[in-house]
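Architecture and fold: a report
Spelled out from the first residue to the last, the chains are:
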Amino acid sequence: MDRTTAESAAESAAAPVTSRWPNPLIPGFNPDPSVVLVDGTYYLVTSTFEYLPGIPVYRSTDLLVWEHVGNVAQRPEQVAVERAPARCGVYAPTIRYHDGLFHVIVTVVASPRGCVVFTASDPAGPWSEGTPLQGVDGIDPDLAWDDDGTAYVTYSALRLSGTDVGRHFGIEQVRVDLAGGKALESPRPLWSGTGLRFPEAPHLYRRGDFWYLVIAEGGTERGHAVSVARGTSPTGPFVGHPANPLLSASGRPLPVQNAGHADLVRTPDGTWAMVLLGVRTLGDAQAFSPLGRETFITGLEWTDDGWPVASPVELAARPDTERTVFDFEDGATLDDPGWLAVRDIPGALARLRSGRLVLEGRGVGLEDPRPVFVGRRQRHLNATVSATVDVSDGAGGLAARCDERHHLGIEAQTGDGGTVVTARAVLAGLRQEWRLTLPASPVELRIEMRPPAQPSPALGGDRIRLLADGTLLAELDGRYWTTETSASFTGRVIGVYAREGTVRFGDYRYTGWEGTPTAA
């Protein structure tokens, strides 16, 4: 890989922070985290929805320094999301370890795969093709084992098939035969929270004499919350915590909103923590989050009578500047696990030739469900992404994608005796374009994202600048390409694409920071 970082990559930085942990723990589009501790090493997975490869695997030995070591779904057939609409696909995986094998259980929504269990001896991969579980009709499945080896799947019973499709029946559980891929009984209803809407994200734990059932409720937006119940059996009955919700940012002026979807784990010093999703909002009204749902962490203590108490989620972004450069000279560049494509794998769309990344257009752009697009997560509120493009034989460029209806970018093609560059902003069917003609040569395309300038941050959108060879074509209000406006479960993914013909890219550069950038 020809990846360089002049300072330190945020995913592997060990920079000092004021709180116990850096937060976000895993920045950028990384929702619905689940974590497991095995032999002193932590492994964490998150959702990917319509993107491939699916289900990133992050590794750490201290809950501070994280490395993206692989992805569970490296092959399209493992999750079959080619027809999954936006907001569908790979939902909320759970990672666990049992009898020498790592297990990831997940529901792939709007896919024939349904609820699937993948296994691996090494979380970096390769992972199995996956065993579908018949009789589990819902999302956010959890996997736990009793002392006698009985396996339980506990899930959020949002019906995905049958006459009740779209209806929600709270939290359910079944005993399962993992090898045979089937439920061993009819679903039983479990404790489903305090009455807030959409109970989901259940996780089951054994601690002392009790089994604890942790769930999310309130929906994954501003009303999100973590609640907990306990009982003496994994099948219940469960009694809710008198102080529920265990954690929520709802209605509070906290820098991390939407806090929920938690998974508990022991820390290196023997105490407890929980990883969870949240969003970093901009503006006085905290109305817009450019990066979508990220992974956060907070501490957890236990009362004398055996109930957990969670600390508020602190915002403590890593202070280092991340500088990542791919110049495509290394033939293993696309092996970096951070590359993403839409409903396909990056290696099926891109090839490396003579120090260039080459894409072949199909006559469609970012509006298509399967664009020829290869990108990476935006991980910082301040970010600059650039790529040098040769369009002598095609048309393509650099774009930031939320989904098919919400994206922006800069496209180049040969024409008018030079290179015609078009900046384009697409918002829910609305489109605006700005054009510029440059000399016929490779062109550097650049997208800059910056939070609103102080002291007037009230509107809450970042500013997005689209440039070609240093010339500004357009400056946009980033509120329209956020999780809230696009109603997306993902976050911004910024990458290169081809619309038609053969498009060659000489490099891909990402610089990101929080606050003031550090020197190179």
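These remarks concern the structure in this document. (Residues numbered from 1 in each chain as written. Predicted model: local features only at pLDDT ≥ 70, side-chain atom pairs only at ≥ 80, totals over all residues. Heavy atoms only, no water.)

As for the side chain of Arg379
The criterion, for reference: Helix and strand assignments come from DSSP, with helices taken as H or I runs of at least 4 residues and strands as E runs of at least 2, each series counted from the N terminus. Only protein chains enter the accessibility calculation, which uses a 1.4 Å probe; a residue whose area is less than 20% of its type maximum is buried, one above 50% is exposed, and one in between is partly exposed. Pairs of N or O atoms are called polar contacts if they sit within 3.5 Å, as long as, within protein, a hydrogen donor faces a hydrogen acceptor (for residues adjacent in sequence, only side-chain-to-side-chain pairs).
The topology assignment puts Arg379 in the loop between β29 (372-377) and β30 (382-403). Judged by relative accessible area, which is 9%, Arg379 ranks as buried. At 3.2 Å, the side chain of Arg379 forms a polar contact with the side chain of Glu322.

Focus on the side chain of Thr46
Where we set the bar: Any two residues having at least one pair of non-hydrogen atoms within 4.5 Å are treated as being in contact.
By secondary structure assignment, the location of Thr46 is in the loop between β3 (41-45) and β4 (51-52). According to the relative accessible area criterion, Thr46 is buried, its value standing at 0%. With residues near it in sequence (within four places) discarded, Thr46 still touches Asn30, Pro31, Asp32, Pro33, Ile55, Pro56, Tyr58, Pro93 and Thr295.

Thoughts on the nonpolar core
Here is the rule: In this text, buried Ala, Val, Leu, Ile, Met, Phe, Trp, Tyr and Cys residues form a nonpolar core when linked through side-chain atoms within 4.5 Å.
Grouped together as the largest cluster of nonpolar side chains are 45 residues, with contacts concentrated most on Leu359, Leu398, Val421, Ile447, Leu466, Phe505 and Tyr508. Examining the composition of this core, we find that 8 residues originate from one element, β30, more than from any other. Ile55, Val108, Val342 and Leu366 belong to the second-largest nonpolar core, a separate cluster that totals 40 residues.

Re the layout of surface pockets
Definition in use: Site definitions follow a grid-based scheme: protein atoms alone, a 1 Å grid, a 1.4 Å probe that fits but cannot get out for cavities, and for pockets an open set with protein on both sides within 12 Å along at least five of seven lines, plus lining residues having an atom within 4 Å of a point. Grid points are joined across faces, edges and corners, and a volume is the space filled by probe spheres set on the points. The residue classification treats Ala, Val, Leu, Ile, Met, Phe, Trp, Tyr, Cys and Pro as nonpolar and Asp, Glu, Lys and Arg as charged. All others, Gly included, are polar.
Of the pockets and cavities examined, the largest pocket occupies roughly 540 Å³. Lining the largest pocket are 20 residues, with Val36, Arg96, Leu204, Tyr205 and Arg206 positioned closest to its centre. When residues of the lining of the largest pocket are traced back to their parent elements, those giving at least two are β2 (34-38), β7 (89-98), β11 (139-145), β16 (200-207) and β21 (256-266). A breakdown of the residues in the lining of the largest pocket according to their chemical character gives 14 nonpolar, no polar and 6 charged. The computed volume of the second largest pocket comes to approximately 330 Å³. As for the second largest pocket, its lining consists of 20 residues, of which Tyr91, Ile139, Phe198, Glu200 and Phe489 are closest to the centre.

Focus: the pattern of salt bridges
Quick reminder of the rule: The salt bridge definition used is simple: a Lys or Arg side-chain nitrogen within 4 Å of an Asp or Glu carboxyl oxygen.
If you walk through the whole model with that rule in mind, you get 37 salt bridges. With a closest N to O distance of 2.8 Å, Glu294 and Arg280 form a salt bridge. Residue Glu294 is located in strand β23 (residues 294-302), and its partner Arg280 is located in strand β22 (residues 272-280); the two are separated by 14 residues in the primary sequence. Take Glu294 and Arg280: they sit in the same class, and that class is buried. For Asp344, the salt bridge goes to Arg370, with nearest N and O atoms at 3.3 Å. Taken together, the positions of Asp344 in the loop between β26 (340-342) and α2 (346-349) and Arg370 in the loop between β28 (356-360) and β29 put the pair 26 residues apart, joining distant regions of the chain. The exposure class of Asp344 is buried, given its relative accessible area of 11%. Within this structure, Glu367, Glu411, Arg424, Arg431, Glu433, Arg435 and Arg499 form a network of salt bridges that share partners.

Observations regarding the packing of aromatic side chains
We count it as follows: Any two of the Phe, Tyr and Trp rings considered here, Trp counted by its six-membered ring, make a pair once their centres fall within 6.5 Å; the pair's planes then place it as stacked at under 30 degrees, edge-to-face at over 60, or tilted in between.
Enumeration according to the criterion identifies 13 aromatic pairs in this entry. Considering the side-chain rings of Trp339 and Tyr508, the 5.3 Å spacing of their centres and the 65° angle between planes classify their relative orientation as edge-to-face. Placement of Trp339 in the loop between β25 (322-326) and β26 and of Tyr508 in strand β37 (residues 493-513) is noted, with a sequence separation of 169 residues between them. We classify Trp339 as buried; its relative accessible area is 2%.

A word on the environment of Thr321
Counting through the fold element by element, Thr321 comes out in the loop between β24 (308-310) and β25. The exposure class assigned to Thr321 is buried, which follows from its relative accessible area of 0%. Put simply, Thr321 and Pro346 are 25 residues apart on the chain and 26 Å apart in space, counted from C-alpha to C-alpha.

Describing unusual backbone geometry
Going from Gly236 to Pro237, the amide bond is cis rather than trans, its omega being 5°. Mapping Pro237 onto the fold places it in the loop between β18 (225-231) and β19 (239-240). Cis geometry is adopted by the peptide bond preceding Pro245, which originates at Asn244 and carries an omega value of 0°. A positive phi angle is found at Asp416, which is not glycine, with a value near 55°. Within the secondary structure, Asp416 sits in the loop between β31 (406-415) and β32 (418-427).

With respect to the sheet that holds strand β10 (residues 131-132)
Selection rule: Pairing between strands requires that DSSP locate at least two bridges from one strand to the other.
A sheet is described by the order of its strands in space; here 4 strands give the open sequence β7-β8-β9-β10, paired in antiparallel fashion. Looking along the sheet, the strands with just one partner apiece sit at the ends: β7 and β10. Relative to strand β8 (residues 101-109), β7 is paired through 8 bridges, and the arrangement is antiparallel. Note that in β8 the partner of Tyr97 across the bridge is Phe102.

Everything listed here is a matter of coordinates, which is why it stays silent on function.
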